[in-house]
Every structure is written in structure tokens, then in C-alpha cells.
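Chain and residue survey
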Number of protein chains: 2
Amino acid sequence: MSSKVGSFPFHIQSYMCDFQGRAPMPLLGGMILHAASRHAHERGFGYEHISRDGVAWVLTKMAIEWLEPPHRDQSLTIETWVEAVARFYTQRCFRFLGEQGQPIGYARSVWVALNMETRRPVNIPSWRPDIADYVCEETECPIARMKKIPAGTPDGVSARDYTVGYSDIDINGHLNSVKYIEHSLDVFDLSEYREKAIRRFEITYLAEGYFGDALRLTRHDLSEDETVVETLRGSEAICRCRLVWG
Amino acid sequence: MSSKVGSFPFHIQSYMCDFQGRAPMPLLGGMILHAASRHAHERGFGYEHISRDGVAWVLTKMAIEWLEPPHRDQSLTIETWVEAVARFYTQRCFRFLGEQGQPIGYARSVWVALNMETRRPVNIPSWRPDIADYVCEETECPIARMKKIPAGTPDGVSARDYTVGYSDIDINGHLNSVKYIEHSLDVFDLSEYREKAIRRFEITYLAEGYFGDALRLTRHDLSEDETVVETLRGSEAICRCRLVWG
């Protein structure tokens, strides 16, 4: 059996960075998905393996916290492990290590195993009891679990319209998990990114987005350091993000 | 001195793929930029080195051709080398090797060294005569050089509007080179990607895009297997792409 914790090296290239030379949240989200995908693959429950059962992992929630945001030309390592297997979801944690091996951030995520035909969650312990063998309780993920993200008030501070295109669609035919993050962050002006940094980022996926969907991203400032961004399709929220600024 | 040809391995993960399980053109463009950036860095003329002189490499043109588009779970290697150093630009070539080392595609690119203060091209042979030492004439890039991409007719077949946001802006404060590709490809319907594949993709960058720019992407079908996509800011074309379908 492979070890419970997987470890994946990354390097932040200049061309991947935002205008401040930092690794933007969608890039970090992509790295997290990469680490999760490789960890599962190396242990026999990756995309390839479970698609034979007509099942796919679907990310439903994620929270990311940084002590210092990674920046250009920096190397980092993402460690990931399964923290818990519940009946209908698994909890996966991440720890980010800087160049000297010091922790620089953490993330938590919740995944559902979806039956691709019925679109219903699979009972994980009966379908794949072996996944519980990888549950790791030794490594610590000291960031708060996610709470429910409140719905936005009817009128947001500002809104941005976006129609889902080819580049937004993933291999399952849905709006890509990373693209929800990208579009949500585009409601902010560059001046805001200059003045403050995202200390904690939370996302809840509520419904699948499809090609051609006309989306409206609305922004709701709960306080000076807390903002909710809602992705609406008509009156339906398909995604909510909560940002804590520091 | 390092060898003239740099070689960089990549692996196409499922989560990076488009709805058909293929590596989308913006991903390949990103890998090409990564290979170019590392190749230059390892030879002392990367972003880090030249920014000390107040200079940045700016991609002005690129052409990519695939024999077979890379798909999920495939490994590939990108080789890159400098083909020629002219007074005000360099030509860089790429060869893509599949898992058995067989060539599966090629790319050509043209780069200007821009003085970041004056925004004018630097005379490369006088500024950095050493770059010419890396010119490699032994490796072959058998795809056609780029021709001028014709301007679109006033009325395109269809148009898509897009406002440049935070996620589009690169470390130099401009619309990211890969994002031009992404937005250009979003003028097509999924049904078109199902029916045919991009055999050759060309892009010419005409002007820098900025945060908040209101862009209109217009599509012009020159024939059944050739399309031009123009990125307009008002009446000014800031980018043109030419796609040859196969």
C-alpha cells in the first residue's frame, strides 16, 4: 500500500502569476485538484479507475488559507491526504510547504462520488471500502471547517455578466471547478487586490454549469474584510464564494 | 554552455482537458510559454535576468500544428530552441514528442525584447550578443512560417463580448498571452469542436489589452476549413487568430 500522504512539487512560473507576481487563486485551485487527482490515481481510486464503475469525483466545497501567498519563482510542495470517509462524501486535506519545508498554507475539500448515469451520490463505504484504508489522522489541518456561505442580498454591490464558453467546459461536460473561482474573482477591481490580500477563500458548488449558460456574478460585502460572491443562473445560485481579506 | 535545445516533460491530466478529453489550445500555449521561459532562464536570458535591464520578452506571433492532438493521461515532451536572432526579434521553435519519442506536433514563435520604460523594441544583437550563441540550425521545424492574418470583414459571422478582468492580467499588467487564445476559441460552439479539430492555429498579437477593456471577438469564416477570429477594442484589432480545421 502506498503511504497515506501524497506529496507533489510545484514551481510558480512568472507567466502563471497575476499582475502582482503572485500565484492567483485559480492556479492554486488547479494545483490542489492536480494533487488530489494524482494522490487518488496512485492509490487506485483516480478518475481512470472509478470511471470504469461509471462514477466520477465531484468537488462540492473547498477552503484555502495562506499564511503568505506564494509568488513567482517560488517552489512549493502540496501534501494531501484523506481525512475522513463518510457515507456520501470524503474529506480531503492539503498542506502547502514552502522552500524550506515550512507550512505556508492549508486547504480542506469535500468530494462526492457521483454515479454519472443516475447523477446521484454513491454510498462510498459500500462501493469502495478500501478507500477508508487511506484515512490519515496523523497529519493536522489546523484551518476551520467550512460553514454555510450565506446567500447574497437581492442587490449586490456590483455584478458581472458572463456566458459559459468552450474554454469553461471540463471533461465531464460541465463548467470547470477552477473556472467558477476565476469568474468569481473577476468581480473585483485591481485596486482592491493592491490594497489587501485574500487570507481565506471558500467555495461551495451548488449546481453544475453548462455551455451557453448566461451567468451573473454578484458581489456582497458583508463587512470590510468579508465578501460573498454569488454565481447566478437566472435566480438560481450555482456557486457561492466567501472571501476573508487580510 | 547548456545545450542549444531544451527539453521539458509534461503530462496531460484529466482536469486540464476540454469536454472531449483533449488538451485545449490555451493549455498547449501555456506549456509552450513554460518551455520557452525555462529554456531562456536556464541559459541566462530569462524573465529574471533581463528584467534587471528593464527588458521583457513579448510574444508577438505563434503558430501551432498537431499531427494528433494530445489527450488525457498522455505524457509529452516539448523541445524548444532559438532558430534565429534578428535585429529586433528572435524566432523560437518547438517540437512536441509523444510517449514513444515520435514527433506529434510543432510550433513557431516570434518574440520581441521590449524596453519596459520606453515600450520600444531593443536591438537584440547589441544588447545581448550572447543569445546568438544558442541559435540552433540542426533541429528541424517543418511547419510553414506565419503569413499575415487578414483583417476580418466588417461583419463577422458571430460576436462575443468580453470585459477584461483580474484573471486575464499577467505580471506585466497586460492581457495574458494565453487568455487571448482562450477568449478567441470561445466564439465557437461545442458542436463545431465535435465535428472537426484544429489542425493549425496561428495568433498575432497587435496591441496590449488592459484591465477593464471592453473586447468584442468576431468570427470570420474564410472557407469551410479556415476561420479568422479578431479581438476588437472599439474599432482597433488587438489580436488576430487564424484556424485551419481538419
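Residues numbered from 1 in each chain as written. Chains lettered and ligands numbered in written order. Predicted model: local features only at pLDDT ≥ 70, side-chain atom pairs only at ≥ 80, totals over all residues. Heavy atoms only, no water.

1. Notes on the sheet that holds strand 6 (residues 158-163) of chain A
Strand pairing in a sheet takes place through backbone hydrogen bonds and is either antiparallel or parallel in direction. All names here are of chain A. Pairing in this open sheet of ten strands is antiparallel, and the strands run 1-3-4-5-2-7-10-9-8-6 from one edge to the other. Because the sheet does not close on itself, it has two edges, and the strands there are strand 1 (6-11) and strand 6. Each neighbouring strand pair of the sheet contributes to a mean axis angle of 20 degrees, computed without reference to strand direction. Where strand 9 (residues 226-233) and strand 10 (residues 236-245) come together, eight bridges link them in antiparallel fashion. Of the residues in strand 10, the one forming a bridge with Thr 231 is Cys 239. Each of strand 1, strand 2 (55-66), strand 3 (75-85), strand 4 (90-97), strand 5 (103-115) and strand 7 (198-205) is contacted by helix 1 (residues 25-42), which is oriented at about 60 degrees to strand 3, the strand it contacts most. (Pairing = 2+ DSSP bridges. Helix = DSSP H or I, 4+ residues; strand = E, 2+ residues; numbered from the N terminus. Axes fitted to C-alpha atoms, helices over the stretch in contact; angles between N-to-C directions. Contact = heavy atoms within 4.5 Å.)

2. Focus: the side chain of Arg 38 of chain A
Take Arg 38 of chain A: it is sitting in helix 1. Leave out the neighbours within four places in its chain, and Arg 38 of chain A touches Phe 8 of chain A together with His 11 and Gln 13 of chain B.

3. Regarding the pairing of strand 9 (residues 226-233) of chain B
All names here are of chain B. The element strand 9 is extensively covered by neighbouring structure, given that seven of its eight residues are classed as buried. Judged from the eight bridges that link them, strand 8 (residues 214-223) and strand 9 form a sheet pairing that is antiparallel. Counterpart to Leu 215 in the pairing with strand 9 is Arg 233. In sequence, strand 9 turns back onto strand 10 (residues 236-245) through a hairpin of two residues, with Gly 234 there showing a positive phi of about 65 degrees. (Buried < 20%, exposed > 50% of the residue type's maximum accessible area, 1.4 Å probe, protein only.)

4. As for the relation of the copies chain A and chain B
Each copy superposes on the other: chain A lies on chain B with an RMSD of 0.0 Å after a rotation of 180 degrees and an axial shift of 0.0 Å. Taken together, the rotation angle and the small translation identify this as a two-fold axis. Measuring from the rotation axis to each C-alpha of chain A, the shortest distance belongs to Tyr 162 of chain A, at 3.9 Å. Of the residues that chain A buries at the interface, 100% are likewise interface residues in chain B, meaning the two copies contact each other through the same surface. (Least-squares fit on C-alpha atoms with pLDDT ≥ 70 in both.)

5. A look at helix 1 (residues 25-42) of chain B
Residue and element names in this part refer to chain B. For helix 1, spanning 18 residues, the distance from its first C-alpha to its last is 26 Å, which sits close to the expected 26 Å at 1.5 Å a residue. Within helix 1, 14 of the 18 residues are buried, which leaves it mostly tucked inside the rest of the structure. A positive phi of about 85 degrees marks Gly 44, the residue just after helix 1. (Expected span 1.5 Å × (residues − 1).)

6. Digging into the confidence of the model for chain A
Regions with low pLDDT carry predicted coordinates that are not meant to be interpreted in detail. Confidence in the prediction for chain A averages 94 pLDDT; 99% of positions are at 70 or higher. Per the prediction output, this complex has pTM 0.93; the corresponding ipTM is 0.92. (pLDDT = per-residue confidence, 0-100.)

7. Details of the sheet that holds strand 5 (residues 103-115) of chain B
Residues and elements named next belong to chain B. On the basis of which strands lie adjacent, the open sheet formed by ten strands has the order 1-3-4-5-2-7-10-9-8-6 and antiparallel pairing. What marks the edges here is a single partner per strand, and that holds for strand 1 (6-11) and strand 6 (158-163). In this sheet, neighbouring strand axes are inclined to one another by 20 degrees on average, regardless of whether the strands run parallel or antiparallel. Judged from the five bridges that link them, strand 2 (residues 55-66) and strand 7 (residues 198-205) form a sheet pairing that is antiparallel. Bridge pairing links Glu 65 to Arg 200 in strand 7.

8. Points about the pattern of salt bridges
All names here are of chain B. All told, the structure shown has 40 salt bridges over all chains when counted by the stated rule. As a salt-bridge pair, Asp 213 and Arg 233 come within 2.7 Å of each other at their nearest N and O atoms. Of the two residues, Asp 213 sits in the loop between strand 7 and strand 8 while Arg 233 sits in strand 9, which places them 20 residues apart along the sequence. (Salt bridge = Lys/Arg side-chain N within 4 Å of Asp/Glu carboxyl O.)

9. So, the interface of chain A and chain B
Contacts between the two partners involve 39 residues from chain A, matched on the other side by 39 residues from chain B. Summed over both partners, the interface of chain A with chain B comes to about 3400 Å²; 53% of that surface belongs to carbon and sulfur atoms. In terms of surface lost to chain B, no three residues of chain A exceed Tyr 15, Tyr 166 and Ile 171 of chain A, which account for 24% of the buried area on that side. The tally of links between chain A and chain B comes to four salt bridges. Note that Lys 179 of chain B is salt-bridged to Glu 182 of chain A, the shortest N-O span being 2.3 Å. Viewed at the interface, chain B and chain A are joined by 18 residue pairs in polar contact (both at pLDDT 80 or more). (Buried area = accessible area lost by both parts, 1.4 Å probe. Polar contact = N/O pair within 3.5 Å; in protein donor to acceptor, adjacent residues only side chain to side chain.)

10. Comments concerning the packing of aromatic side chains
What the rule picks out here adds up to 21 aromatic pairs over all chains. Three or more aromatic residues joined by ring pairs form one cluster here, namely Phe 19, Phe 188, Tyr 193 and Trp 245 of chain A together with Tyr 166 of chain B. For Arg 128 of chain A, the ring lying beneath its charged end belongs to Trp 127 of chain A, and the centroid distance is 6.0 Å. Sitting over the face of the ring of Trp 245 of chain B, Lys 196 of chain B holds its NZ or CZ atom 4.7 Å from the ring centroid. (Phe/Tyr/Trp six-rings, centres within 6.5 Å; stacked < 30°, edge-to-face > 60°. Lys NZ or Arg CZ within 6 Å of the ring centre and 35° of its normal.)

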